[in-house]
Amino acid sequence: QKEVEQDPGPLSVPEGAIVSLNCTYSNSAFQYFMWYRQYSRKGPELLMYTYSSGNKEDGRFTAQVDKSSKYISLFIRDSQPSDSATYLCAMGGGYQKVTFGIGTKLQVIP
Amino acid sequence: GAVVSQHPSWVICKSGTSVKIECRSLDFQATTMFWYRQFPKQSLMLMATSNEGSKATYEQGVEKDKFLINHASLTLSTLTVTSAHPEDSSFYICSARPSPGGTDTQYFGPGTRLTVL
């Protein structure tokens, strides 16, 4: 079993839809949770960083962490074609090195 | 803020030659930098952790004599792929963790696409 599981997609949604991206993990030592956006042939860009269970909102993006279920989510409201990219979850903490999910490819169709 | 640059952005070289990739944190200091490889449709694979002023820590299976890492200052780390072969062709991405630390937030460079002929 991989430490971090993420559906690679692709996920296609119409413009304006709410997008839900998810990751599950098995290592209960993870304390920090991050979401990165990666455009084709570019380096990942940090979108959200969370430390504890609960929700964190930043503009159209909401990150949700449920440590009891070892499940994290990223919601994108009012999705735009410019949101089309691959979204990577990542987690780390303590003596754990940061571990990345495989990434979910998202396509927002105009 | 938190900008990381990489140079070159792409490079094509002949088999057997060495290639150096630079990673710079432009507006912050980074005691720790990381080097990753990414193959198509695969996640980021950590190759090594680079600490300023000390030897890099390599992940299992990564040849330290082939992938030379130097972290000479708080804003610069270099990765040299020695005697490159076609199987080394990949997307190499560095990241930097601002110091002082306290979180695992990493800021990534734009990546370097290496093609070995």
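Residues numbered from 1 in each chain as written. Chains lettered and ligands numbered in written order. Predicted model: local features only at pLDDT ≥ 70, side-chain atom pairs only at ≥ 80, totals over all residues. Heavy atoms only, no water.

Caption draft 1: Here's a closer look at unusual backbone geometry. Omega for the bond connecting G9 of chain A with P10 of chain A falls within 30 degrees of zero, at 10°, which places this linkage in the cis form. Here P10 of chain A is to be found in the loop between β1 (4–5) and β2 (11–14). Put simply, H7 of chain B and P8 of chain B share a cis peptide bond, and its omega is 0°. Mapped onto the secondary structure, P8 of chain B falls in the loop between β1 (4–7) and β2 (10–13). The phi dihedral of S83 of chain B is positive, around 45°, even though this residue is not glycine. Within the secondary structure layout, S83 of chain B lies in the loop between β8 (76–81) and β9 (90–97). Classification of S83 of chain B as partly exposed rests on a relative accessible area of 34%. (Helix = DSSP H or I, 4+ residues; strand = E, 2+ residues; numbered from the N terminus. Buried < 20%, exposed > 50% of the residue type's maximum accessible area, 1.4 Å probe, protein only.)

Caption draft 2: Spatial organisation of the pairing of strand β4 (residues 32–38) of chain B. Residues and elements named next belong to chain B. Counting buried positions along β4 yields seven of seven residues, so the element is predominantly enclosed. Side chains T32, F34, Y36 and Q38 project from β4 onto one buried face, and the interleaved M33, W35 and R37 project onto a second face that is buried too. As judged from the six bridges shared by β4 and strand β5 (residues 45–51), these two strands associate in the antiparallel manner. The residue bridging Y36 from the neighbouring strand is L46, located in β5. What sits between β4 and β5 in their antiparallel hairpin is a turn of six residues, with K41 showing a positive phi close to 60°. Here β4 pairs with β9 via seven bridges, running antiparallel. Bridge pairing links W35 to C94 in β9. (Pairing = 2+ DSSP bridges.)

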